[in-house]
Number of protein chains: 2
Amino acid sequence: MTIEILNTGSELLLGRILNTHQQWLCARLTQAGYPVTRQVLVSDRSDDIQQAVREALGRADLVITTGGLGPTCDDITRERIAELLDRPLEFDASVSQSVQAFFRSRGRPVPPRTRVEAMVPKGAVVLPNGHGTAPGLRLGVAPNPFRPGGGPSWLVMLPGPPRELRPMFDDQVLPWIASEFPLEGGFACRTLKTSGIGESNMEELISGPLRHLTDRGMDLGFCARVGEVDVRFVARGADASSVVAEAESITRRLAGDAVFGEQDEVLEGVLVRELTRRRQTLALAESCTGGHIAHRLTNVPGASAVFLAGYVTYANTAKVRTLGVREETLRESGAVSEAVARQMAEGARAVSGADWALSVTGIAGPSGGTPDKPVGTVWMALAGPAGTEAVQRLNRFDRETFKFTTGQQAMHLLFQHLNRAES
Amino acid sequence: MTIEILNTGSELLLGRILNTHQQWLCARLTQAGYPVTRQVLVSDRSDDIQQAVREALGRADLVITTGGLGPTCDDITRERIAELLDRPLEFDASVSQSVQAFFRSRGRPVPPRTRVEAMVPKGAVVLPNGHGTAPGLRLGVAPNPFRPGGGPSWLVMLPGPPRELRPMFDDQVLPWIASEFPLEGGFACRTLKTSGIGESNMEELISGPLRHLTDRGMDLGFCARVGEVDVRFVARGADASSVVAEAESITRRLAGDAVFGEQDEVLEGVLVRELTRRRQTLALAESCTGGHIAHRLTNVPGASAVFLAGYVTYANTAKVRTLGVREETLRESGAVSEAVARQMAEGARAVSGADWALSVTGIAGPSGGTPDKPVGTVWMALAGPAGTEAVQRLNRFDRETFKFTTGQQAMHLLFQHLNRAES
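Cut-offs used in this document
- Residues numbered from 1 in each chain as written.
- Chains lettered and ligands numbered in written order.
- Predicted model: local features only at pLDDT ≥ 70, side-chain atom pairs only at ≥ 80, totals over all residues.
- Domains from an automatic or database assignment.
- Contact = placed C-beta atoms within 7 Å.
- Nonpolar A, V, L, I, M, F, W, Y, C, P; charged D, E, K, R; others polar.
- Helix = DSSP H or I, 4+ residues; strand = E, 2+ residues; numbered from the N terminus.
- Expected span 1.5 Å × (residues − 1).
- Buried ≥ 20, exposed ≤ 12 C-beta atoms within 10 Å, placed from the backbone.
- Pairing = 2+ DSSP bridges.
- Axes fitted to C-alpha atoms, helices over the stretch in contact; angles between N-to-C directions.
- Parallel < 35°, antiparallel > 145°, perpendicular 65-115°, else oblique.
- Left-handed = near helix turned anticlockwise from the far one by under 90°.

Draft legend 1. Summary view of the domain arrangement of chain A. All names here are of chain A. Examined at the domain level, chain A breaks down into domain 1 (3–180), domain 2 (187–262) and domain 3 (267–422). Using C-alpha coordinates to define each centre, domain 2 is positioned 30 Å away from domain 3. Counting residues at the interface gives 8 residues for domain 2 and 11 residues for domain 3. Considered class by class, the residues forming the side of domain 2 that touches domain 3 number 2 nonpolar, 4 polar and 2 charged.

Draft legend 2. Molecular detail of helix H10 (residues 267–278) of chain A. Residue and element names in this part refer to chain A. For H10, spanning 12 residues, the distance from its first C-alpha to its last is 17 Å, which sits close to the expected 16 Å at 1.5 Å a residue. Here H10 has its buried residues at Leu-267, Glu-268, Val-270, Leu-271, Val-272 and Leu-275. Elements that come into contact with the buried residues of H10 comprise strand E12 (259–262), strand E13 (282–286), helix H11 (292–297) and helix H15 (399–422). Where H10 ends, the next residue or the one after it, Arg-279, has phi of about 55°, a positive value.

Draft legend 3. Seen up close, the sheet that holds strand E9 (residues 187–194) of chain A. Residue and element names in this part refer to chain A. With antiparallel pairing, the 4 strands of this open sheet are ordered in space as E10-E11-E9-E12. Each of the sheet's edge strands pairs with one partner strand only, and the pair in question is strand E10 (219–225) and E12. Sheet twist, expressed as the average angle between the axes of neighbouring strands with direction ignored, equals 25°. The strands that helix H7 (residues 199–206) touches are E9, E10 and strand E11 (228–236); relative to E10, the one it contacts most, it runs at about 155°.

Draft legend 4. A look at the interface of chain A and chain B. Taken residue by residue, the interface counts 63 residues in chain A and 62 residues in chain B. Relative to strand E2 (residues 38–42) of chain B, strand E2 (residues 38–42) of chain A runs antiparallel, the two being bridged by 5 bridges. Its bridge partner being in E2 of chain B, Gln-39 of chain A is matched across the sheet by Leu-41 of chain B.

Draft legend 5. Quick peek at the sheet that holds strand E17 (residues 387–394) of chain A. One open sheet accounts for 10 strands, arranged E17(A)-E16(A)-E15(A)-E13(A)-E14(A)-E14(B)-E13(B)-E15(B)-E16(B)-E17(B); its pairing is mixed. Strand pairing shows two members of the sheet lacking a second neighbour, E17 of chain A together with strand E17 (387–394) of chain B, which therefore form its edges. This sheet shows a mean twist of 10° between the axes of neighbouring strands, independent of strand direction. Along the sheet, H15 of chain A makes contact with strand E15 (356–362), strand E16 (377–384) and E17 of chain A, crossing E16 of chain A at roughly 30°.

Draft legend 6. Representation of the packing of helix H2 (residues 20–31) of chain A against helix H6 (residues 162–180) of chain A within the structure. All names here are of chain A. The geometry of H2 relative to H6 is characterised by a closest axis approach of 12 Å and an angle of 20° between their N-to-C directions. One finds that H2 runs roughly parallel with respect to H6. Helix-helix and strand crossings are classified by hand; for H2 and H6 the assignment is right-handed. Here Thr-20, His-21, Trp-24, Leu-25 and Arg-28 of H2 come into contact with H6, specifically with Pro-162, Leu-165, Arg-166, Phe-169 and Leu-174. Residue composition of the contact of H2 with H6, by class: 6 nonpolar, 2 polar and 2 charged.

Draft legend 7. Structural context of the pairing of E17 of chain A. Residue and element names in this part refer to chain A. Direction of pairing for E16 relative to E17: antiparallel, over a ladder of 8 bridges. Within E17, the residue paired with Val-378 across the bridge is Arg-393. The hairpin formed by E16 and E17 contains 2 residues between the paired strands.

Draft legend 8. View of the environment of Leu-6 of chain A. All names here are of chain A. By secondary structure assignment, the location of Leu-6 is in strand E1 (residues 3–8). Each C-alpha atom, one on Leu-6 and one on Arg-225, is 26 Å from the other, the two residues being 219 residues apart in sequence. What Leu-6 contacts, discounting residues up to four positions off in sequence, is Val-40, Ala-52, Val-53, Ala-56, Val-63 and Thr-65.

Dropping the structure here:
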């Protein structure tokens, strides 16, 4: 099966926004066993879109377009594809009602131009948009005038905003692909999420013990991300599931609590789940991460069950007033020190009443470093029922990477303690 | 002039890494007046690369490829293009010496496979790599067997790692493009960043008053992001700068303080700059945004000059203990109410000693809504030198979009107050 992605949008070609759809759709399809063969990006111009659709339909079984379904004058994907395929646009009352309901529920007037969102090419299946107004569309092209032999193709049009595209793809497109194009033979794909072991060290640790599986055709892949490394196993054939299960079991045994999750899990989600299960609560005292950890934890639905409070004590006065850090400690040891990290964590635990409190204090840069405390220096502490543990790290990265890496290390510290408390 | 970008790399098509080259190259070329007409991504397979190069050379004056110039077995771009264009690969001693010097200066042995990096297609100009080993290549294709009429094209091959590609492009490719394809007449491109007016409403507001400019060929574009809309003007010709300046002036007059910045500016960066200029300070009291606003503000280098503290008072007890919100107010009005938003802002201002304090309290969802306070209900307040203002919003989005939108609205409230205080 051949799949091509066609991204439309002059704002992408002008470099105004990053094309995250390409990676997201490719990853989703690859995990399901449907690798993408080509991706093309063209502008919002009539000729460009029609030419690219014509070429893609000439090659692929499935063409997925993104963008250009909205109400503004540069949203022309729907119209141009309808024209190319000679499908008249027909007014769909149910789409129109959804669009009107969307604006009504927000107490806003319905912009007249949104009427075009209810125009559906004849024969297309409407994919309702649960998070916006423009619906997606699915269109069978059979016979396919652009393909040698006329073999059929499918065209799926998705809206541009990621918050609209992603749930629509997961809920309405991926299940349809699996039923329309069933995979022959077995297929298994599994990703373990790890933190605390670098990519090269992880490869050294597990590639030997997994050799009997890679020799049988299992694909072993590593992907280094900020503060974490993905380990991925892909197998095909009748025994695909058992091969991948064995690889996972060997890796978990060797890597221990460096493995914090699987597939798309994020460390903050694992922490919220594990704390909820234990009926324990958490507070944060952040200096150099500036609210980054609180932000990530509160991205998790249900975080309010375990997260009581975060104190972003950026200024020293805030560390003193809110967390009870002692002024003489700040004076003698400096804000980036083991003593201050400990007092921050213990202060946050006391003032919030939480079971656990994590603190971080460090120098994010680009300025603020000294010879004995260079940019990137971090102290973090975890205060818990059995006392306080502090660790030092050196994270020499740009500012945002520094915050993410430091946040990841702090959360992984809590993950390890929760794990140990269990075992 | 037509330019196409051809990204190669199976790791991109598998969705393992994000294609940042596309946006970066497109932005660089657009700013210089050379918009990219198409971008294509294919795998590291021989047929795919040759087919894509053939098609691109059939359409474009300049084709820029990325990736596949290194020493590993999946780096085949150089060889496959040489084969396609029938240019024998010739050993280039100066490239070989650079590669050897690169490894020697790092005290590492020269991997034998790097020899392929010194193989140069006959007639190609070598672009030395200042930050790695594989050089870039520039190749004139004249006559061009793939183009109707045989008109000449250029092929520029760049290495995959961003730290190698970017300086090579800026120092060796962009200046060459400017001299090989001099711009006729003028060129101007400008983006205004706005918040508080939706995409459709913004278009209704300005497209009429700008019609005399768009009729003369100015391109007017809108890009809806989360919580903000970019308005973009692009003009060519002798009067390009004055056309774009007039469009900007009309838009600023009509949209007022919805315009918070220009080009790549972000609202948090504008606030840090404006507060720094006024020598004023800020504190935050976040409930439903959970540290998101603090995180964004502290992404800005220099934020520590204006940002004193953020209180992520997720639990009600934290609102009471840290910010002095009254228990009876929580009981009578509920945590998501005007009274609590005001007490949070005033409490944060008092405890931090900041000039300004922003508070947000709301229901992020997916659960927690009631009939009279549905999911998405938000109260926010700004406490400042002249008193406190509270506003209500209804943000019905998924959780992360909710946080970003709400944060954007809260920061825009402060932006408007700073603006008014000035005028």
